[in-house]
Amino acid sequence: MQNLYADIYRKEHYGLVGNHSAVKVCHWTKDELLGGPGCYKNTFYGIKSHQCIQMTPALNACTENCAFCWRFQGFDSMHISNEDDPEYILEESIRQHLKLISGFKGNPKVSKEIWEEATHPKHMAISLTGEPTLYSRLGELIAAAKKRGISTFLVTNGTLPSVLERLDPLPTQLYVTVAAPNKKIFNELLNPSIGNGWENLMRTLELLPSLDTRIVIRHTLVHNINMPYLDEYEMLDKKADPDFIEAKGYVHVGSSMTKLMASNMPSHTEILEFSHDLADRMGYTFVADRVESRVAMIAKDPSKAKIDFSSV
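Quick look at the structure, then. (Residues numbered from 1 in each chain as written. Predicted model: local features only at pLDDT ≥ 70, side-chain atom pairs only at ≥ 80, totals over all residues. Heavy atoms only, no water.)

Before going further, it helps to spend a moment on unusual backbone geometry. The omega angle of the peptide bond from D168 to P169 is 0 degrees, so this bond is cis rather than trans. Within the secondary structure, P169 is located in the loop between α7 (161-166) and β6 (173-177). We note that N191 has phi near 45 degrees; this positive angle belongs to a residue other than glycine. Within the secondary structure, N191 sits in the loop between α8 (183-190) and α9 (197-207). The class of N191 is partly exposed, set by a relative accessible area of 32%. (Helix = DSSP H or I, 4+ residues; strand = E, 2+ residues; numbered from the N terminus. Buried < 20%, exposed > 50% of the residue type's maximum accessible area, 1.4 Å probe, protein only.)

Next up on the list: helix α10 (residues 230-240). Within the sequence span of α10, burial applies to L230, Y233, E234, L236, D237 and A240. Looking at the buried positions of α10, the neighbouring elements they touch are α9, β7 (214-221), β8 (244-249) and α11 (268-282). D241, located one to two residues past α10, shows a positive phi value of around 50 degrees. (Contact = heavy atoms within 4.5 Å.)

Residues W70, V251, V253, M257 and M265 make up a contiguous nonpolar surface patch of roughly 410 Å² in combined accessible area. Among the secondary structure elements, M265 is positioned in the loop between β8 and α11. Of the residues examined, M265 reaches a relative accessible area of 30% and is grouped as partly exposed. (Patch = residues over 30% accessible without salt bridge, like charges linked within 9 Å, V, L, I, M, F, W, Y side chains within 5 Å. Areas by Shrake-Rupley, 256 points an atom, 1.4 Å probe, with all protein chains shown as cover. Salt bridge = Lys/Arg side-chain N within 4 Å of Asp/Glu carboxyl O.)

Once that is clear, we can look at the packing of α9 against α10. For any two helices packed against each other, the geometry comes down to the angle between their axes and how far apart the axes lie. Running from amino to carboxyl end, α9 crosses α10 at an angle of 50 degrees, the nearest separation of the two axes being 7 Å. Considering their axes alone, α9 and α10 lie oblique with respect to each other. On the side of α9, the interface is formed by W198, M202, L205 and E206, while α10 contributes L236, K239 and A240. Across the contact of α9 with α10, the residue classes break down as 5 nonpolar, no polar and 2 charged. (Axes fitted to C-alpha atoms, helices over the stretch in contact; angles between N-to-C directions. Parallel < 35°, antiparallel > 145°, perpendicular 65-115°, else oblique. Nonpolar A, V, L, I, M, F, W, Y, C, P; charged D, E, K, R; others polar.)

Turning our eyes to something else, we now look at the environment of P209. Residue position: P209 is located in the loop between α9 and β7. Its relative accessible area of 45% is what places P209 among the partly exposed residues. For the pair P209 and Y45, spaced 164 residues apart in the sequence, the C-alpha separation amounts to 20 Å. Other than its neighbours up to four places away in sequence, P209 contacts K239, A240 and D241.

Take the packing of aromatic side chains next. Enumeration according to the criterion identifies 10 aromatic pairs in this entry. Ring centres of Y45 and F153 lie 6.1 Å apart, and the angle between their planes is 75 degrees; this geometry places the pair in the edge-to-face category. One end of the pair, Y45, is in helix α3 (residues 40-45); the other, F153, is in strand β5 (residues 151-156), with 108 residues separating them in the sequence. You can call F153 buried: its relative accessible area is 4%. Geometrically, the ring pair formed by F153 and Y175 is tilted, given 6.0 Å between the ring centres and 50 degrees between the ring planes. Linking F153 in strand β5 with Y175 in strand β6, this pair joins segments that are 22 residues apart in sequence. (Phe/Tyr/Trp six-rings, centres within 6.5 Å; stacked < 30°, edge-to-face > 60°.)

So, on to the side chain of N60. Here N60 shows up in the loop between β3 (52-56) and α4 (86-101). Among the polar contacts made by the side chain of N60, one reaches the side chain of Y9 at a distance of 3.0 Å. (Polar contact = N/O pair within 3.5 Å; in protein donor to acceptor, adjacent residues only side chain to side chain.)

The biggest cluster of nonpolar side chains holds 65 residues, and the ones touching the most others in it are F68, L205 and L208. Beyond its immediate stretch of four places on either side in the chain, F68 contacts A179, L189, L190, T220, V222, Y250, S256 and L260. Of all hydrophobic cores here, the second largest spans 19 residues; its members include C39, V155, M297 and I307. (Core = buried A, V, L, I, M, F, W, Y, C linked by side-chain atoms within 4.5 Å.)

This part is about the pairing of strand β9 (residues 285-290). In this structure, β9 lies alongside strand β10 (residues 295-299), joined through 5 bridges in antiparallel fashion. Residue pairing across strands places T285 opposite A299, the latter belonging to β10. If you look at the hairpin formed by β9 and β10, you'll find 4 residues sitting between the two strands, and R294 has a positive phi there, around 55 degrees. (Pairing = 2+ DSSP bridges.)

Here you go:
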């Protein structure tokens, strides 16, 4: 990879893939390998963290520069040049992921069964950094994963509705980040690189009910900036009509420390209050929370939360 920031990414333990993609082993993947509970996505949706790859096909490309993002933001543009083949990205992402976790094989805390499962990834979170919908062959990447029996969780900021409208196939689960209750806060907190970012997000929310996949709205909550604003979030969420809504508290780490303060972290009690109040307004049910991840989830139909991965 010819990347201006390659040394920075390698120091942060990224596995670089081709011209514009990367993987990074999630904390929760390591946790589950060592016998821990794994990611909150395990609690909410049944994901096995030790079989999950965290990756991005848009390492240096994004349409926003969010103040709350803790990742290194080496975003050169909103265009990915010299796009790699999706099959290559998938295969190399798996190879790099397995290379990054190889040191766990001899760890006495890692069971043989867990290790064997970990070498056969079943989930791919397309969410590491950047905006994945900028990769023009995203649908082919999702199709390649599906062909291998790998589920896909796609996280997008929703600023490219035209991509979502024609995305085929759709991911197993689609996350859309809604981290602002109005245009003013959106522009100040998410720092969009495009002038019509808010309007595009509104188009995405209107599009979501027509997409035949599991939809999650994620509210990243920043104390004293974008919460509670429950009236506004209720209006936005009713437009999107998602299956699930996650409220995730901002954490004062990484790159975000130069833009926000520790006091901008909401307490878990505030996150729970937000989720319960929103559930009451939406007619949803509070399902679960994970205090260590500062996240809570409500659902339109709690019985549909856990995924039957045998059908993926």
